[in-house]
Amino acid sequence: MKTLIIYESRFGNGKKLCEKLREILINKGHDAQIFSVIDTDPKELPEADFYIFSAPTRMFMLAPAMKSFLKNFRPAKDGAKYALMTTYLNPQVKALANMEKLLRSKNMVKVTNSFTVKVLGSEGPMEDGYEKSLEEFAEELLTLI
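Residues numbered from 1 in each chain as written. Predicted model: local features only at pLDDT ≥ 70, side-chain atom pairs only at ≥ 80, totals over all residues. Heavy atoms only, no water.

(A) View of helix H1 (residues 13-27). Taking 1.5 Å of rise per residue, the 15 residues of H1 would be expected to cover 21 Å, and the 21 Å separating its terminal C-alpha atoms lies within 8% of that figure. If you check which residues of H1 are buried, you get Asn13, Gly14, Leu17, Cys18, Leu21, Ile24 and Leu25. Along the axis of H1, the buried residues cluster in a sector spanning 130 degrees; they form a single face. Buried-residue contacts for H1 involve strand S1 (2-7), strand S2 (31-36), strand S3 (50-54), strand S6 (81-88), strand S8 (115-118) and helix H4 (130-144). Directly beyond the C-terminal end of H1, a positive phi value near 90 degrees is found at Gly29. (Helix = DSSP H or I, 4+ residues; strand = E, 2+ residues; numbered from the N terminus. Expected span 1.5 Å × (residues − 1). Buried < 20%, exposed > 50% of the residue type's maximum accessible area, 1.4 Å probe, protein only. Arc of directions from axis to C-beta. Contact = heavy atoms within 4.5 Å.)

(B) Examining the pattern of salt bridges more closely. According to the stated counting rule, one finds five salt bridges in the structure shown. A salt bridge links Glu19 to Lys15; the shortest N-O distance between them is 4.0 Å. With Glu19 and Lys15 both in helix H1 and four residues apart, the pair spans about one turn of that helix. Owing to a relative accessible area of 41%, Glu19 belongs among the partly exposed residues under this scheme. Look at Lys15 and you get partly exposed, because its relative accessible area is 36%. A salt bridge links Lys20 to Glu23; the nearest nitrogen and oxygen atoms lie 3.6 Å apart. You can see Lys20 and its partner Glu23 sitting in helix H1, three residues apart, about one turn around the helix. When its relative accessible area of 41% is taken as the criterion, Glu23 is described as partly exposed. (Salt bridge = Lys/Arg side-chain N within 4 Å of Asp/Glu carboxyl O.)

So, in C-alpha cells, the structure goes:
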C-alpha cells in the first residue's frame, strides 16, 4: 500500500511526528512518502492508497498553508481513505474539524480517530510519551490500510 504523509510544520514538531510515522510504516513493509505543503504543489502529488494529513493548530485554527493546500488538493479517486494528526498548545483543537470538512467535500473517508500531541510551548517540545502514542496510532493505521 502506498501512503502519502502531507504536513505543515512551523517549528518542526509536526515534521518530526511525520518523519517518525513514515519510518514506522516503512519498517512494517509499507511504501510511505512524506511531503511538506510548503514545498509541494497539491496537483503534483503521486497517486496513493492512503493519505495522512498533519498540521498544527494555530490560534485554535488550521494553519493557513494547510488550508490552502487542501482547497487545491484532489485525491486520485473518490472514497480515498485518510487520517489526521495535529500538534496543539490549547486543547480547543479546531484544526482537525477544518481539515475534515475540507476533505469530506472531496468525497474522502476518514478511517480512524485523529492523532493529537500537546506541545509544551508555542515552539515545543512535545509532551512526554508521544513516541509510544504515535507507535500505537501507526499500529492502528496498519490494520486499516
